[in-house]
Amino acid sequence: MIFILLWGNIVYPCTSFAISPPKIIAQSGNPSAIDVLNQGLQAIQAGRVQDAIALFRRATQLDPRLAPAHYNLGLALRQAGQLQPAADAFYRATLADPKFAPAFANLGGSLLEGNNLQLANDYLQRAIELDGKLGFAHYNMGLLRVQQRDWEKAIASFKKALQYSQNAPEPAYHLGLVYLQQGKIDQAREAFRQAIKINPRYAEAHYNLGSLWFQQGKLPEALEAFRKSAAANSNYASAYYGAGLVFMQLKKYAEAAQVFQYARDLFSQQNNPQWAKNAQQLLQQAQNLNYQPR
């Protein structure tokens, strides 16, 4: 099962750590450090991640107690794919401010990504104790419960994440996956629809919805869902594979061959040889059937 962690937002230097436009708050912390932190925030907004990392790191050196500097350094490092340094930065943010809930939540997320489930649980629990309305903490806790195969607790966490992060489609999507694990098809379908309502270009949600329709023999609905999945992400190989299965059922073998070829090529490019082989076999089958007299 593929899962995507949610990470907290950039935090700006103000006394409450609320998310707000970049500004300098002279009465809190080292003014020079805050100046540098603001420069880092401007670099992030301009897409200059490496510059931002250097500036955030400089801010932490000027004022080691400036928690937003450590925290934003963690987010920037995470964006750059430097996972262990990001976790270290989040940890230092928790030391700088032991009541900084997003830092605990992101540290828990980092540990979850590293498969350290016990420590991840501890930090995520702490984040939720500090801020029970922190949606991405509940979401990451849901992912942890999925790893533990504790479906009921995962459902409860994803529902809370939905309640507190209403613009994030991931909790609804993963709620749908858990319902699938439980065989609750109607609830899964509704959860995938909810994810799509939040983000109409959620390729994986469209794909899973299509898979449900396909399993129930509702081929036009399945094909439409797979088409929407491919439209949302043209590199999503499974969407073409699913469409091919529908075309085979509809005896539209030429169309099936075309999308199986797309799927095979994408699976190959994405280093997924087993599914590339599966797509190749179905491509051959579709081509053979297409040339047979009907």
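Up top is the structure these notes are about.
What counts and what doesn't
Residues numbered from 1 in each chain as written. Predicted model: local features only at pLDDT ≥ 70, side-chain atom pairs only at ≥ 80, totals over all residues. Heavy atoms only, no water. Helix = DSSP H or I, 4+ residues; strand = E, 2+ residues; numbered from the N terminus. Buried < 20%, exposed > 50% of the residue type's maximum accessible area, 1.4 Å probe, protein only. Contact = heavy atoms within 4.5 Å. Core = buried A, V, L, I, M, F, W, Y, C linked by side-chain atoms within 4.5 Å. Expected span 1.5 Å × (residues − 1).

Trainee: Help me understand the overall build of the protein chain, please; the structure alone is not making it clear to me.
Mentor: Along the backbone of the protein chain there are 15 helices and zero strands. When burial is assessed residue by residue, the protein chain has 51% of its 294 residues classed as buried. Of the contacts made within the protein chain by residues no fewer than 6 positions apart, 50% connect residues no fewer than 24 positions apart.

Trainee: Explanation requested: the nonpolar core in the structure shown.
Mentor: Inside soluble globular proteins, nonpolar side chains tend to come together where they are buried. Ranked by size, the top nonpolar core spans 97 residues in total, and within it Phe56, Tyr71, Phe158 and Phe260 carry the most contacts. Ignoring anything within four residues of it in the chain, the contact list for Phe56 reads Leu37, Gly40, Leu41, Ile44, Ala69, Asn72, Leu73 and Ala76.

Trainee: What exactly am I supposed to notice about unusual backbone geometry here?
Mentor: Backbone geometry follows two general trends: most residues other than glycine have a negative phi, and most peptide bonds adopt the trans configuration. You will see that Arg149, though not glycine, has its phi angle at about 60°, which is positive. Its place among the elements puts Arg149 in the loop between helix H7 (135-147) and helix H8 (151-164). Even without being glycine, Asn271 reaches a positive phi, approximately 55°. Here Asn271 lies in the loop between helix H14 (253-269) and helix H15 (273-291). On the basis of relative accessibility, which here comes to 69%, the residue Asn271 falls in the exposed class.

Trainee: I tried to follow H7 on my own but got confused; where do I start?
Mentor: Side chains three or four residues apart in an α-helix point the same way, a direct result of the helix having 3.6 residues per turn. With 13 residues, H7 should reach 18 Å at 1.5 Å per residue; the first-to-last C-alpha distance of 19 Å fits that figure. With 12 of 13 residues buried, H7 is to be regarded as a mostly interior element. Of the residues making up H7, those classed as buried are Gly135, Phe136, Ala137, His138, Tyr139, Asn140, Met141, Gly142, Leu143, Leu144, Arg145 and Val146. Where H7 is buried, its residues meet helix H3 (67-79), helix H5 (101-113), helix H6 (117-130), H8 and helix H9 (170-181). Residue Arg149 follows H7 closely and has a positive phi angle near 60°.

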